[in-house]
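Descriptive analysis of the structure
As a plain string of letters, each chain reads:
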There are 2 protein chains.
Amino acid sequence: MKNCNGTLIFESKPRISSFASVAGKKESEGPLHKAFDMTEPDPRFGQKTFEQAESRMMRLTIEKAMEKRGVTDKDIDIALCGDLLNQCVASGFAVRGLSTPYAGIYGACSTMALGLILSSIAVESGAARRAVCAASSHFCTAERQYRTPLEYGAQRTPTAQRTVTGCGACIIEPKSSTGFGSASYPNSDPPYIDSARIGIVTDYAVSDQSNMGAAMAPAAADTIYRYLSSTGTKARDYDAIFTGDLGVVGSRLLYDLLAERNIDIEKLHRDCGMMIYGREQDVHAGGSGCGCCASVLCSHILNALQIKAYRNILFIATGAMLSPTTVMQNETIPSIAHLVNIRVE
Amino acid sequence: MKNCNGTLIFESKPRISSFASVAGKKESEGPLHKAFDMTEPDPRFGQKTFEQAESRMMRLTIEKAMEKRGVTDKDIDIALCGDLLNQCVASGFAVRGLSTPYAGIYGACSTMALGLILSSIAVESGAARRAVCAASSHFCTAERQYRTPLEYGAQRTPTAQRTVTGCGACIIEPKSSTGFGSASYPNSDPPYIDSARIGIVTDYAVSDQSNMGAAMAPAAADTIYRYLSSTGTKARDYDAIFTGDLGVVGSRLLYDLLAERNIDIEKLHRDCGMMIYGREQDVHAGGSGCGCCASVLCSHILNALQIKAYRNILFIATGAMLSPTTVMQNETIPSIAHLVNIRVE
């Protein structure tokens, strides 16, 4: 593979050979409800704690992706998983008992794109014949950890986003793998990752943790600008540009920041944080959390690629690299955005 | 590269072209005090908070490694960094302002080995012409986060390990890179990574967070056994076997677990957690934290390879995938161990 000014060009075109998504009750009431592989009305997923529930959800998602591909954990050489919980315990506990080597990753809400990129590098290099990546978040674990216990019934500001209860998982393997007629793609070849870009941490000195879209928009603009420049392409060369999860506020800022560089993505752009809930669901500025763009990618977006509603898209996942401790210490919010170019033939 | 039953064989033999370590006051009073590039008596590293201090320490370490190699952040295509803080903020803030693309990783105390492996994969694949990996921990941030505020003056049990204030960073690049006569290796070729193994999460149902050596020993035993089996080598084929950070209790358990499989490493084995402090320093079972084996690797161990005191070693970093929340929820402690085989010609 090649690294052209920071953009990774995959020569082997790693395939997303399978994908799966699992989501919670609120998400099952939204516009994407039919696209998820499974939704679960019980926020505890049958477990004792919300943290166990999130791990269980990730495990179910990984198992569903393997099942749709007709493989087991023994057939996968590396699992790259991440989540928002302290010490990434949702992921660490989710893979317990699997015989797949595990690499923990952390990119806040950008984790799914980071997982796709590192999985593709592992597959392209020959380190893995098959990789799985997954990212999850859970409304109840996130509220407890980042904000206040649910029982307080705290009000949220209009710029705030709601943490999605959801998980997405993808299996990545080389084009040369056989038997791609998996349940994920009954009628077509799977999409492939053509190129990607790992983001640079940016900081525009936003310090309001209730307005993370604003903190993350500059990171998305930076990565998109660098990607288009390095590949010599324009926004209109793509069928759609998905971000996750800027929400209403961050999306508007992204348009403004790109306009300064004469880039217009507005007509092509959709934000996963605004796709997962309906306006009537009262979620303020939209959804967020690792599981938001992960579950939207592994439902609506990959379904659309499968039926060739799109053939060439950009998926840009953004992350705010804060913690409750840094917020209390009046730090600003460093942010990052990783980009993946996904295509079908 | 090849994946032989889970062991990664690097064909390009990625070089550790530079390394650096920075440590705190307690560590500067230990047996490795002369081996660190820098020690800092101020636990705040001139910053306002301990968390900022840990970020500052990681940034200093990365900058020192770059300086010793004669490169800048613009010359490095990916930074793979991790730490123990919630949402990995030590790393996220450490790379803010660098123009290097950043991938956050999490492996608890195994992070340095995970960084070495993923950096090597990135370099071998061509994704990066040069990668940097780093891992840090800080006694004061860890005590506040995992246990009690320092001001409480809490007693620790004899099996407990002390979190090291330290950081290690390595720059990885292909053998074909030129100008290896860097300050890290004034007189010799740099060591290379010959093979490696990403660990599988194990859980032997240990739930005592004051005895993490016991929780992690089975993971180390599992990874060592699988590595030796897959490569057809024996422990005596290596000049030394370093683990990080099992401490006194975990090391003894590791010998017992390997003895069940007729593997004897005792005479070759040294544990980073037992190397970093002297017996007289009253640290109970030894050191721990991402920064423990990272700083020992990037001082004593790589120095010893440089003077060819060793030519072929195994570096096995172990991690306990718990969080304070999972401990309170009476969960057991899943653990992992990643292995790197480092050689000099």
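As for the environment of Ala 35 of chain B
Residues and elements named next belong to chain B. Along the polypeptide, Ala 35 turns up in the loop between helix 1 (25-28) and strand 4 (38-39). For Ala 35, a relative accessible area of 21% corresponds to the partly exposed category. Not counting chain neighbours up to four residues away, the residues in contact with Ala 35 comprise Ser 21, Ser 299, His 300 and Asn 303.

Some remarks on the packing of aromatic side chains
Taken as a whole and judged by the stated rule, the model has four aromatic pairs over all chains. Measuring from centroid to centroid gives 6.3 Å for Tyr 227 of chain A and Tyr 238 of chain A, while their planes differ by 55°, and the two rings are tilted. Remark: Tyr 238 of chain A occurs in the loop between helix 6 (212-231) and strand 11 (240-244) and Tyr 227 of chain A occurs in helix 6; sequence separation between them is 11 residues. There is no split in this pair, since Tyr 227 of chain A and Tyr 238 of chain A are both buried. Here Lys 68 of chain B stacks its cationic end above the ring of Phe 19 of chain B, 4.6 Å away from the centre of that ring. Here the guanidinium or amino end of Arg 162 of chain B rests over the ring plane of Phe 139 of chain B, the centre of that ring lying 3.8 Å away.

What to know about the nonpolar core
Core analysis: the largest hydrophobic core is formed by 180 residues, its most contacted members being Cys 170, Leu 297 and Phe 315 of chain A together with Cys 170, Leu 297 and Phe 315 of chain B. Residues Met 212, Met 216, Val 327 and Ile 333 of chain A belong to the second largest nonpolar core, which totals 28 residues.

Things to note about the relation of the copies chain A and chain B
Related by rotation about an axis and a shift along that axis, the two copies of the chain form a pair. With an RMSD of 0.0 Å, chain A superimposes on chain B once it is rotated by 180° and translated 0.0 Å along the axis. On the angle and the small slide along the axis, the relation comes out as a two-fold axis. In this assembly the copies share their binding face: 100% of the residues contributing to the interface of chain A also contribute to that of chain B.

Details of the interface of chain A and chain B
Taken together, the contact between chain A and chain B spans 56 residues of the former and 56 residues of the latter. Together chain A and chain B conceal approximately 4400 Å² of surface at their shared face, both sides included; 60% is due to carbon and sulfur atoms. Scanning the region where chain A abuts chain B turns up four salt bridges. Between Arg 96 of chain A and Asp 203 of chain B there is a salt bridge whose closest N-O contact spans 2.6 Å. Counting every contact that joins chain A to chain B gives 24 residue pairs in polar contact (both at pLDDT 80 or more). Only strand 1 (2-4), helix 2 (50-69), helix 3 (89-94), strand 6 (102-106), helix 4 (111-125), helix 5 (139-146), helix 10 (324-328) and strand 15 (335-343) of chain A provide two or more residues apiece to the side of chain A that touches chain B.

Here we look at the pairing of strand 10 (residues 192-197) of chain B
Residues and elements named next belong to chain B. Of all six residues making up strand 10, six are buried, and the element is well covered by its neighbours. The pairing of strand 2 (residues 7-9) with strand 10 spans three bridges and is antiparallel. By the bridge assignment, Ile 9 is partnered in strand 10 with Ser 195.

Quick notes on the rules
- Residues numbered from 1 in each chain as written.
- Chains lettered and ligands numbered in written order.
- Predicted model: local features only at pLDDT ≥ 70, side-chain atom pairs only at ≥ 80, totals over all residues.
- Heavy atoms only, no water.
- Helix = DSSP H or I, 4+ residues; strand = E, 2+ residues; numbered from the N terminus.
- Buried < 20%, exposed > 50% of the residue type's maximum accessible area, 1.4 Å probe, protein only.
- Contact = heavy atoms within 4.5 Å.
- Phe/Tyr/Trp six-rings, centres within 6.5 Å; stacked < 30°, edge-to-face > 60°.
- Lys NZ or Arg CZ within 6 Å of the ring centre and 35° of its normal.
- Core = buried A, V, L, I, M, F, W, Y, C linked by side-chain atoms within 4.5 Å.
- Least-squares fit on C-alpha atoms with pLDDT ≥ 70 in both.
- Buried area = accessible area lost by both parts, 1.4 Å probe.
- Salt bridge = Lys/Arg side-chain N within 4 Å of Asp/Glu carboxyl O.
- Polar contact = N/O pair within 3.5 Å; in protein donor to acceptor, adjacent residues only side chain to side chain.
- Pairing = 2+ DSSP bridges.

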